[in-house]
Amino acid sequence: MTAISGWALWRASLFAMIVILAVDLAAAGTALASIGAFHQSDLWTAALLASLSIVYSRFTVSWERARRALRQEKLPALCPNLLATWAFAAAAVLPLTLAAIVIAAAAIAEWPARNIAGQATPYRYVYSTAGAILAATAANSCMALALPDPLPLALAAAGYMLVGMAAVALAMVSAGQYKALSLLLKAESHKLEVLTIGLAAAQVQLINLHVPLAWLSLPAAILIQRWAVQSDLHLTDDTTIRPMTEAAWLTVAREVVAACPVTAIMRIDTADPAAVSLVARMQVGCDAIGAMGKSGLAILLADCPGTNAEALATRMRAALHQQAIPALVAVAAKPRDGQSSADLLAVCEAELITRAAAQGPSKSLRPEA
């Protein structure tokens, strides 16, 4: 983790810095204010919920890294996760201090999933963890209301989401990130969060029946996580798509190839805008298009086996020929040609060299076999 003295927080405006640190201190203060003697049953429940969050993070780390890498260019400011499955449950059934400990344990366990090149911002993660603790404070207070069931749980769920969103919105406003704020206010941005809170509410009921039943939340959260990854992998791009920078694309490719058991990369040795538009119009299943300097385009084909990738390459060659765009196309697939994005790119480059040599000094515009 980056040294605290090197955090970008200290280069923010004074107002933004005060707001962020105030939220951090408020979260720490509320957690410490309720320290007291705990029942042994509460300690066991806290240990179970913390363990579940840690197991979940270790099991899904590659998926979550892939999802965050993909969203870097599409929705860089918002990437809700499933940690509320255990954070909200802890807030609903445990004293606030123990709930805060569960949240902190879950946050520490999830850090490897966030520590992606270009996205490793520890002070923001500390802030989001503080926001989760404040959201848990609201949920914990709602559960203490003398209301008939299931009203306290419903109010706690609403309070958790609203306070969590308010903490994020406050940071965005203080930093002047109004474009990101507009994304936060869209219902679509909270689809995963609503699913997570629903799962957490169900987990609370299971804990009230029998604490070990909380383990049922783990496979459910893993399934939801897999669905979230698939949703982000296959967001539809339009014909006006702009290629990602080479550095950003290489980050996305590295994480997605590592996370997906089957995937492919296509290389086209031209960066002609007409070729980019053609790729998007063909809807070849591209999950990210990158401009590889002057050497052309790189196209990520997630969940695409080698045979499908070869068929797409054949279609692309024919389409390029029809548009009179002189370009060569190569594909490589995992696991057939390697296990990493570097392996697949190396195979693609070798194929491009072989095809160029076979065509002689000048490229032919006839469709390649």
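Residues numbered from 1 in each chain as written. Predicted model: local features only at pLDDT ≥ 70, side-chain atom pairs only at ≥ 80, totals over all residues. Heavy atoms only, no water.

**Examining the overall build of the chain**
Right, so step 1: Across its full length, the chain carries 13 helices and 4 strands.
Right, so step 2: Out of the 369 residues belonging to the chain, those deemed buried represent 50%.
Right, so step 3: The long-range fraction of contacts in the chain, counting pairs at least 24 apart against all pairs at least 6 apart in sequence, stands at 77%.
Right, so step 4: Element-wise, carbon and sulfur atoms account for 67% of the exposed surface of the chain, whose accessible area totals about 16,900 Å². (Helix = DSSP H or I, 4+ residues; strand = E, 2+ residues; numbered from the N terminus. Buried < 20%, exposed > 50% of the residue type's maximum accessible area, 1.4 Å probe, protein only. Contact = heavy atoms within 4.5 Å. Areas by Shrake-Rupley, 256 points an atom, 1.4 Å probe, with all protein chains shown as cover.)

**Topic: the packing of aromatic side chains**
Right, so step 1: Inspection of every chain in the model, using the stated rule, returns 4 aromatic pairs.
Right, so step 2: On the numbers, 5.2 Å between centres and 45 degrees between planes, the contact of Y56 with W86 is tilted. With a gap of 30 residues between them, Y56 in helix α2 (residues 40-74) and W86 in helix α3 (residues 84-93) connect regions that are remote in the sequence.
Right, so step 3: Aromatic side chains F88 and Y160 sit 5.6 Å apart centroid to centroid with 80 degrees between the ring planes, which places their arrangement in the edge-to-face category. Of the two residues, F88 is situated in helix α3 and Y160 in helix α6 (residues 151-174); the sequence distance between them amounts to 72 residues.
Right, so step 4: Directly above the aromatic system of W63 lies the positively charged group of R226, at a separation of 5.0 Å from the ring centroid. (Phe/Tyr/Trp six-rings, centres within 6.5 Å; stacked < 30°, edge-to-face > 60°. Lys NZ or Arg CZ within 6 Å of the ring centre and 35° of its normal.)

**Digging into helix α4 (residues 96-114)**
At 3.6 residues per turn, the α-helix brings residues three or four places apart onto the same side.
Right, so step 1: Here α4 spans 26 Å end to end across 19 residues, near enough to the 27 Å set by a 1.5 Å rise per residue.
Right, so step 2: The sharpest bend along α4 comes to roughly 30 degrees, located at I108, with the proline P112 sitting one to four residues further on.
Right, so step 3: Of all 19 residues that make up α4, 14 are buried, and the element is covered over most of its length. (Expected span 1.5 Å × (residues − 1). Bend = angle between axes of the 7 residues up to and from the residue.)

**Regarding the nonpolar core**
Right, so step 1: Among the nonpolar cores identified, the biggest contains 90 residues, and L49, F88, Y160, W249 and L300 are the most heavily contacted of them.
Right, so step 2: It is helix α5 (residues 122-143) that contributes the most residues to this core, 11 residues altogether.
Right, so step 3: By size, the runner-up hydrophobic cluster in this structure holds 23 residues, among which are M316, A327, V329 and V331. (Core = buried A, V, L, I, M, F, W, Y, C linked by side-chain atoms within 4.5 Å.)

**Regarding the packing of α4 against α5**
Right, so step 1: As a packed pair, α4 and α5 sit with axes 10 Å apart at the nearest point and diverge in direction by 150 degrees. Between α4 and α5, the crossing angle belongs to the class labelled roughly antiparallel. For the crossing formed where α4 meets α5, the hand is right-handed. Note on element contacts: α5 touches α4 through P122, Y125, S128, T129, A132, I133, A136, T137 and N140, opposite L96, A100, I103, A106, A107, E110, W111 and R114.
Right, so step 2: Taken together, the residues that form the contact of α4 with α5 break down as 11 nonpolar, 4 polar and 2 charged. (Axes fitted to C-alpha atoms, helices over the stretch in contact; angles between N-to-C directions. Parallel < 35°, antiparallel > 145°, perpendicular 65-115°, else oblique. Left-handed = near helix turned anticlockwise from the far one by under 90°. Nonpolar A, V, L, I, M, F, W, Y, C, P; charged D, E, K, R; others polar.)

**Notes on a nonpolar patch on the surface**
Right, so step 1: Together, L145, L147, L151 and L155 make up an exposed nonpolar region whose accessible area comes to about 320 Å².
Right, so step 2: Along the chain, L147 turns up in the loop between α5 and α6. (Patch = residues over 30% accessible without salt bridge, like charges linked within 9 Å, V, L, I, M, F, W, Y side chains within 5 Å. Salt bridge = Lys/Arg side-chain N within 4 Å of Asp/Glu carboxyl O.)

**A closer look at the sheet that holds strand β4 (residues 329-334)**
Adjacent strands of a sheet pair through backbone hydrogen bonds, lying either parallel or antiparallel.
Right, so step 1: On the basis of which strands lie adjacent, the open sheet formed by 4 strands has the order β2-β3-β1-β4 and antiparallel pairing. Each having just a single partner strand, β2 (288-291) and β4 make up the two edges of the open sheet. Strand-to-strand twist of the sheet, defined as the mean angle between neighbouring strand axes without regard to direction, takes the value 20 degrees.
Right, so step 2: Two strands pair when backbone bridges link them, and β2 and strand β3 (residues 297-302) are joined in this way by 4 bridges, in the antiparallel orientation. (Pairing = 2+ DSSP bridges.)

**With respect to the pairing of strand β1 (residues 263-268)**
Right, so step 1: Within β1, 6 of the 6 residues are buried, which leaves it mostly tucked inside the rest of the structure.
Right, so step 2: Residues of β1 alternate between two faces, with T263, I265 and R267 on one and A264, M266 and I268 on the opposite face, all of them buried.
Right, so step 3: Two elements, β1 and β3, share 6 bridges in a ladder whose sense is antiparallel. By the bridge assignment, A264 is partnered in β3 with L301.
Right, so step 4: Of the pairings in the sheet, the one linking β1 to β4 comprises 6 bridges and is antiparallel in character.

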